[in-house]
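Okay, here's what each chain looks like letter by letter:
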Amino acid sequence: MTEVRIGTFNVENLFSRARVLNKADFASTAGILTKIDILKSELAKKVYDKDAIATLYEDLRDYIEFNVTSSKGRKHVCIWHADTGTVEVDVNGRDDWNGHIVVKRSKFDDVTRKNTARVIESLDADILALIEVEDRQTMEDFNADVLGSRYAGAFSIQGFDSRGIDVGLYFARGWTLVGCATHIFEMVDDHRIFSRDCLEVELAGPGDVRIHVLVNHFKSKSGNAPAESDAKRLGEATRVAEILRRFDLRRDFVVVLGDFNDTPTSGPLAPLMTVDGLRDVFDAVVPPVPVADRWTYHYRSNEQIDHVLVSEALAGHVKKVEVERRGIADLDRYTGGAQVSFDTVTSWRNAASDHAGIVATFSF
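Quick look at the structure, then. These figures come from a predicted structure and were not determined experimentally. (Residues numbered from 1 in each chain as written. Predicted model: local features only at pLDDT ≥ 70, side-chain atom pairs only at ≥ 80, totals over all residues. Heavy atoms only, no water.)

Description of the overall build of the protein chain
Filter applied, for reference: Counting from the N terminus, the helices are the DSSP runs of H or I reaching at least four residues and the strands are the DSSP runs of E reaching at least two. With the radius of gyration taken over C-alpha atoms, the globule rule is written as 2.2 Å times the number of residues to the power 0.38. In this analysis, two residues are considered to be in contact whenever any of their non-hydrogen atoms come within 4.5 Å of each other. The Shrake-Rupley method, run with a 1.4 Å probe, gives the accessible areas here. Residue values count only the displayed protein chains as cover.
When helices and strands are tallied, the protein chain shows 9 helices and 22 strands. Taken over C-alpha atoms, the radius of gyration comes to 21 Å for the protein chain, in line with the 21 Å a tight globule of 364 residues would show. The principal-axis extent of the C-alpha atoms belonging to the protein chain is close to 70 × 45 × 35 Å. In the protein chain, the proportion of contacts linking residues at least 24 apart, taken out of those at least 6 apart, comes to 73%. Carbon together with sulfur atoms contributes 47% to the accessible area of the protein chain, which is approximately 16100 Å² in total.

Here is the structure:
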């Protein structure tokens, strides 16, 4: 008999995090991201409203900077004058400069990194999807420097998110990567389908078990256009459902997992959650996990936005499902004292993440 543990965890980066994402709550982050989107729209205009740009930059200067690759005699887009507390806009319109906004980053201290490692060690997964990682090399460094070379390999393909959040996969010794595919370049109506990627990896493991893993991180609900973010997630879920048509879900071992940024019964996720032959591991285990015990994230309430879905062929092998929440700060408050954070998680600043990890155990 072969036992395999497969999990997912949104780590919110491993060594450094965009400052805009390193906030105490979702509402604070969402407000800043909304202003960044508005600033981007202002900076795309042929003629600038300098007062509007100055006001936005004054609120955002701790979180962003400008990478100016060329300009018409100017070196800056916005200049902060500390002596007067004012912002000077040094360009007149989009034609005056080439470049883009870059998010500033905050490096993690040793405690934060170790808390992330504690969650990963607790999950004890043979195959672990990581959401919001910087890149493959960072995964390799974290594995060697913090996890004690726990994993035999790490895989990630850099996407197009400017905040440096990609999806990746760790796999243990005894597993070999035998195939991979990325969907970062797929477009519809001149827009990228995936905010990050639907990363496909085929792994061969002990007992000649072959598993196809599809790692996802769908568009978040943050920003000033809920209808647009819903439509984006709907497009991502629809495309993953289309990708699954290549498989025979009653014969092939397939896992679709990651941070879907929405709840199981939401409209945007419906095309994926209703795929014939695909099941949530929380429903596949006997007895099913109660809905109240499935939550992985707290905003205004406890809700499940991280998911592990398995093909019908794999569902019959599920023996146990666990949720690791102790890397979340204020866990006692979210659970009425029923659960508590790791003793080393003392605030949201050194929390491993604001997401829980999920791991399912399969027996073959």
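Having seen the structure, we can now continue with the description.
Focus on helix α2 (residues 50-60)
For clarity, the threshold we go by: Relative accessibility decides the category of a residue: with a 1.4 Å probe and only protein chains considered, values under 20% of the type maximum give buried, values over 50% give exposed, and everything between is partly exposed. The directions considered for the arc run from the helix axis to the C-beta atoms.
When α2 is considered as a whole, its buried residues turn out to be I53, A54, L56, Y57 and L60. Buried residues of α2, viewed axially, fall in a sector of 170°; they line one side.

Structural notes on helix α4 (residues 136-145)
Note the following rule: In protein, a polar contact requires one atom able to donate a hydrogen and another able to accept it; more generally it is a pair of N or O atoms within 3.5 Å, and residues adjacent in sequence count only if both atoms are side-chain atoms.
Of the residues making up α4, those classed as buried are T138, M139, F142 and N143. Seen end-on, α4 carries its buried residues on one side only, within an arc spanning 140°. Considering only its buried residues, α4 is in contact with α3 (110-123), β8 (127-133), β9 (153-156) and β10 (166-171). One side-chain oxygen at the N-terminal end of α4 lies 3.3 Å from the backbone nitrogen of Q137; it belongs to D135.

Some points on the sheet that holds strand β11 (residues 176-181)
Convention followed: Two strands qualify as a pair provided DSSP detects at least 2 bridges between them. Fitted lines through C-alpha atoms give the axes, limited to the stretch in contact for helices. The angle between two N-to-C directions lies from 0 to 180 degrees.
Here we have 6 strands laid out as an open sheet, ordered β11-β14-β15-β16-β20-β17, and mixed in their pairing. Edge positions in the sheet fall to β11 and β17 (278-280), since each of these pairs with one other strand and no more. Averaged over all adjacent pairs, the angle separating strand axes in this sheet is 25°, with direction ignored. Here 3 bridges tie β17 to strand β20 (residues 306-311), and the two strands are oriented antiparallel to one another. Its bridge partner being in β20, R279 is matched across the sheet by V310. Along the sheet, helix α5 (residues 226-243) makes contact with β14 (198-205), β15 (209-217) and β16 (254-259), crossing β15 at roughly 165°.

Let's talk about the nonpolar core
Rule in force here: Buried Ala, Val, Leu, Ile, Met, Phe, Trp, Tyr and Cys residues form a nonpolar core when they are joined through side-chain atoms within 4.5 Å.
Residues I127, L130, Y170, W175, I211, V215 and V321 are the most contacted members of the largest nonpolar core, which totals 59 residues. The dominant element in this core, judged by the number of residues it contributes, is β8, at 6 residues. In this structure W175 touches V4, D126, I127, L203, A204, G205, P206, V209 and I211, once residues within four positions along its chain are discounted.

Focus: the side chain of S156
Here S156 is to be found in strand β9. One polar contact links the side chain of S156 to the main-chain carbonyl oxygen of V167, over a distance of 2.8 Å. With sequence-adjacent residues up to four places away left out, S156 is seen in contact with V133, D135, R136, M139, D166, V167, G168 and L199.

Quick look at the environment of V240
Relative to the elements of secondary structure, V240 occurs in helix α5. By relative accessible area, V240 is classed as buried at 0%. Measuring from C-alpha to C-alpha, the distance between V240 and L314 comes to 18 Å, with 74 residues separating the pair along the chain. Residues within four places of V240 in sequence aside, it is in contact with F194, C198, L214, N216, F218, V256 and L272.

A closer look at the sheet that holds β10
Spatial ordering of the open sheet is given by β9-β10-β8-β1-β22-β21, a layout of 6 strands whose pairing is mixed. Every interior strand has two partners, whereas the edge strands, β9 and β21 (318-324), have only one. For this sheet, the mean angle separating the axes of adjacent strands, direction not counted, is 15°. By the bridge criterion, 6 bridges tie β8 to β10 in an arrangement that is antiparallel. Across the sheet, I131 pairs through a bridge with V167, a residue of β10. Against the sheet, α3 contacts β1 (3-10), β8, β21 and β22 (357-363), and its axis sits at roughly 155° relative to β1.

Focus on the packing of aromatic side chains
Going by this rule: Pairing of aromatic rings covers Phe, Tyr and Trp, the last counted by its six-membered ring, and requires centre-to-centre distances within 6.5 Å; plane angles under 30 degrees mean stacked, over 60 mean edge-to-face, and any other angle means tilted. Here, over-ring charges are defined by two tests on the NZ atom of lysine or the CZ atom of arginine: distance to the ring centre within 6 Å, and angle to the ring normal within 35 degrees.
Here the structure, examined in full by the defined rule, presents 7 aromatic pairs. Consider the rings of F66 and W97, whose centres lie 6.1 Å apart with planes at 85°: the pair is edge-to-face. Here the residue F66 occupies a position in strand β3 (residues 64-71), and W97 occupies one in strand β6 (residues 97-103), the gap between them amounting to 31 residues. A single burial state applies to F66 and to W97, both of which are buried. Here the aromatic rings of F160 and F185 are separated by 5.8 Å at their centres, their planes lie at 75°, and the arrangement is edge-to-face. Of this pair, F160 sits in the loop between β9 and β10 while F185 sits in the loop between β11 and β12 (187-188), placing them 25 residues apart in sequence. For F160, a relative accessible area of 42% puts it in the partly exposed group. On the basis of relative accessible area, F185 is assigned to the exposed category, the value being 57%. Members of the aromatic cluster, connected to one another through ring pairs, are Y57, F66 and W97. Lying over the aromatic face of W80, R61 brings its terminal NZ or CZ to 3.7 Å of the ring centre. When the ring centre of F160 is taken as reference, the NZ or CZ atom of R192 above it lies at 3.6 Å.

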